[in-house]
Amino acid sequence: DNSHNARALEMKTLGLHVEDTTQAGGALLDVSVRHRGTGRQFYVEVKNDSKGKTTPLAQKFIDENPEACRVIRSQADVLALWNELQR
């Protein structure tokens, strides 16, 4: 996705640990994100906008792990994720 690098940079700027997992060949979502203070972690799928769709494999992963997955489409979503991780 075109916004992948921008969203990852926004997450890193907030102090989150971001691991790119795109090399997993679709078995995981785009990135693993962990809050350094709380240790809370999510798998994150990055989409360009509200029209971006997840692949069937990514959707299967989300459906099987809904409590551990988030979809990020905007900077506002990144901030919401950050707030959720720091609780």
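What this report covers is the structure whose coordinates are included nearby. Fair warning: this is a prediction, and the values are worked out from it, not measured in the lab. (Residues numbered from 1 in each chain as written. Predicted model: local features only at pLDDT ≥ 70, side-chain atom pairs only at ≥ 80, totals over all residues. Heavy atoms only, no water.)

**Quick look at the environment of glycine 15**
Point 1. Within the element layout of this structure, glycine 15 appears in the loop between α1 (4-13) and β1 (16-20).
Point 2. Residues glycine 15 and arginine 34, 19 residues apart in the sequence, show an inter-C-alpha distance of 9.3 Å. (Helix = DSSP H or I, 4+ residues; strand = E, 2+ residues; numbered from the N terminus.)

**What to know about the sheet that holds strand β3 (residues 41-46)**
Point 1. Ordered by their spatial adjacency, four strands build an open sheet running β1-β2-β3-β4, and the pairing between neighbours is mixed. Whereas interior strands pair on both sides, the edge strands pair on one side only; in this sheet they are β1 and β4 (69-72). Across the sheet, the axes of successive neighbouring strands diverge by a mean angle of 30 degrees, strand direction being ignored.
Point 2. Sheet topology note: the β3/β4 ladder contains four bridges and is parallel. Bridging from a neighbouring strand, valine 44 pairs with arginine 70 of β4.
Point 3. Running over the sheet, α1 touches β1, β2 (31-35), β3 and β4 and is turned about 150 degrees from β1.
Point 4. Set on the sheet, helix α3 (residues 75-85) makes contact with β1, β2, β3 and β4; between it and β4 the angle comes to about 155 degrees. (Pairing = 2+ DSSP bridges. Axes fitted to C-alpha atoms, helices over the stretch in contact; angles between N-to-C directions. Contact = heavy atoms within 4.5 Å.)

**Points about the environment of glutamate 19**
Point 1. By secondary structure assignment, the location of glutamate 19 is in strand β1.
Point 2. Glutamate 19 gets classed as partly exposed once you look at its relative accessible area, which sits at 41%.
Point 3. Separated by 36 residues in sequence, glutamate 19 and threonine 55 have C-alpha atoms that sit 20 Å apart.
Point 4. Here glutamate 19 is in contact with Asp30, Val31 and Ser32, once residues within four sequence places are set aside.
Point 5. Reaching out from glutamate 19, the side chain makes a polar contact with the side chain of histidine 17 at a distance of 3.1 Å. (Buried < 20%, exposed > 50% of the residue type's maximum accessible area, 1.4 Å probe, protein only. Polar contact = N/O pair within 3.5 Å; in protein donor to acceptor, adjacent residues only side chain to side chain.)

Interpretation note: all reported values are geometric properties and have no functional meaning in isolation.
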